[in-house]
Amino acid sequence: HGNVTVREALNRSLNTVAWQILTDIGVNFGLDYLGQMEFQRLTYIDNDVPSLSIGGFTNGVRVVDMAKGYSTLANGGVYNDKTCIRRIEHEQQGDLTKNMKPFAKQVYQEDTAYILTDILKGTLTEPYGTGYGLALEGDMPAAGKTGTTNSSKDTWFCGYSRYYTAAVWIGYDIPRSMPGIYG
């Protein structure tokens, strides 16, 4: 596609641009953001590995971690670990819940989260967006990102609105090709 904006690159899933950006900021700097959002499968082996820009993690990522990452963008850059679990109770031993007090922290600057959200709206609304046609009906703005691995062994959609965040992974536990599947 030649020279493109970051907006168009994200909407089209042009991974070379993601690689260029991660190379510019530094892999470990990028990984630090994931650490702040408590991504669980990060390992020191991933340090300084540029393929992370296209999802090349040693242990992969959990669907819930992807949802946490996108919800941080939806929340103006604020990560929080709120959960719908209020109490865990063992039928014989009673309450097992330990101090389940949620905490929040600013991971991204608010204006950065706003701009990225505005960019990711185009994935759903621009004719060249890989998720074109998935926008919500009415006046509810939504943003999202698609992803597909080599040989179509995995496909992702992560999206959010002001009120909800969802992450969807389609694949097999033992990876195998799924012909015809795409972002």
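Everything below is about the structure printed above this text.
Residues numbered from 1 in each chain as written. Predicted model: local features only at pLDDT ≥ 70, side-chain atom pairs only at ≥ 80, totals over all residues. Heavy atoms only, no water.

**Student:** Just to check I follow, could you spell out the layout of surface pockets for this structure?
**Tutor:** The method is simple in principle: a probe with the dimensions of a water molecule rolls over the atoms, and the space it marks as empty is what remains. Its boundaries defined by the atoms lining it, the second largest pocket holds a volume of some 270 Å³. Surrounding the second largest pocket, 15 residues form its lining, Ala74, Thr117, Lys121, Tyr160 and Arg162 being those nearest its centre. Taken together, the elements giving at least two residues each to the lining of the second largest pocket come down to helix 4 (63-74), helix 5 (110-125), strand 5 (142-148) and strand 6 (154-161). Here the lining of the second largest pocket takes 6 residues from helix 5, the largest share from any one element. The residue inventory of the lining of the second largest pocket, partitioned by class, reads 8 nonpolar, 3 polar and 4 charged. (1 Å grid on protein atoms, 1.4 Å probe; cavity = no way out; pocket = protein on both sides within 12 Å on 5 of 7 lines; lining within 4 Å. Points joined across faces, edges and corners; volume = space filled by probe spheres on them. Helix = DSSP H or I, 4+ residues; strand = E, 2+ residues; numbered from the N terminus. Nonpolar A, V, L, I, M, F, W, Y, C, P; charged D, E, K, R; others polar.)

**Student:** What's the story with the pattern of salt bridges in this structure? I'm lost.
**Tutor:** Between side chains of opposite charge, a pair can form when the charged atoms approach closely. Inspection of every chain in the model, using the stated rule, returns 4 salt bridges. Here aspartate 65 ties to arginine 62 by a salt bridge, and the two come within 2.9 Å at their closest N and O atoms. Judged by relative accessible area, arginine 62 falls into the partly exposed class, the value being 29%. The partner of aspartate 65 in a salt bridge is lysine 68, and the shortest N-O contact between them spans 3.3 Å. With aspartate 65 and lysine 68 both in helix 4 and 3 residues apart, the pair spans about one turn of that helix. (Salt bridge = Lys/Arg side-chain N within 4 Å of Asp/Glu carboxyl O. Buried < 20%, exposed > 50% of the residue type's maximum accessible area, 1.4 Å probe, protein only.)

**Student:** Sorry if this is basic, but what is going on with the sheet that holds strand 5 here?
**Tutor:** Hydrogen bonding along the main chain pairs the strands of a sheet, whether they run parallel or antiparallel. As summarised here, the arrangement of the 3 strands in space is 5-6-7, forming an open sheet in which the pairing is antiparallel. Strands with a single pairing partner mark the edges of an open sheet, and in this sheet they are strand 5 and strand 7 (165-171). For this sheet, the mean inter-axis angle between neighbouring strands, taken without regard to orientation, is 10°. Where strand 5 and strand 6 come together, 7 bridges link them in antiparallel fashion. Residue pairing across strands places threonine 146 opposite phenylalanine 157, the latter belonging to strand 6. Against the sheet, helix 4 contacts strand 5, strand 6 and strand 7, and its axis sits at roughly 150° relative to strand 7. Against the sheet, helix 5 contacts strand 5 and strand 6, and its axis sits at roughly 65° relative to strand 5. (Pairing = 2+ DSSP bridges. Axes fitted to C-alpha atoms, helices over the stretch in contact; angles between N-to-C directions. Contact = heavy atoms within 4.5 Å.)

**Student:** I tried to follow the environment of glycine 2 on my own but got confused; where do I start?
**Tutor:** Here glycine 2 lies in the segment before helix 1 (6-12). In sequence terms glycine 2 and tryptophan 19 are 17 residues apart; their C-alpha atoms lie 15 Å from each other.

**Student:** Would you mind showing me how to read the nonpolar core here?
**Tutor:** One broad rule of soluble globular proteins: the nonpolar side chains tend to lie buried together. Of all hydrophobic cores here, the largest spans 22 residues; its most connected members are Met37, Met66, Tyr70 and Leu73. Elements that contribute at least two residues to this core include exactly helix 3 (27-36), helix 4, helix 5 and strand 6. Excluding anything up to four places from it in sequence, tyrosine 70 contacts Leu120, Lys145, Cys158, Tyr160 and Thr165. (Core = buried A, V, L, I, M, F, W, Y, C linked by side-chain atoms within 4.5 Å.)

**Student:** How do you make sense of the packing of aromatic side chains when you look at a structure like this?
**Tutor:** Within this structure, the stated rule accounts for 4 aromatic pairs. Seen from their ring centres, phenylalanine 29 and tyrosine 33 are 5.5 Å apart, and the 90° between their planes marks the pair as edge-to-face. With phenylalanine 29 and tyrosine 33 both in helix 3 and 4 residues apart, this pair spans about one turn of that helix. Between tyrosine 33 and tyrosine 108, the aromatic rings sit 5.1 Å apart at their centres with planes inclined by 15°, giving stacked as the arrangement. Of this pair, tyrosine 33 sits in helix 3 while tyrosine 108 sits in the loop between strand 4 (104-106) and helix 5, placing them 75 residues apart in sequence. Tyrosine 33 sits in the partly exposed class, given a relative accessible area of 24%. Here the aromatic cluster, defined as three or more aromatic residues joined through ring pairs, consists of Phe29, Tyr33 and Tyr108. Here the basic side chain of arginine 176 rests over the ring of tyrosine 172, its NZ or CZ set 3.6 Å away from the ring centre. (Phe/Tyr/Trp six-rings, centres within 6.5 Å; stacked < 30°, edge-to-face > 60°. Lys NZ or Arg CZ within 6 Å of the ring centre and 35° of its normal.)

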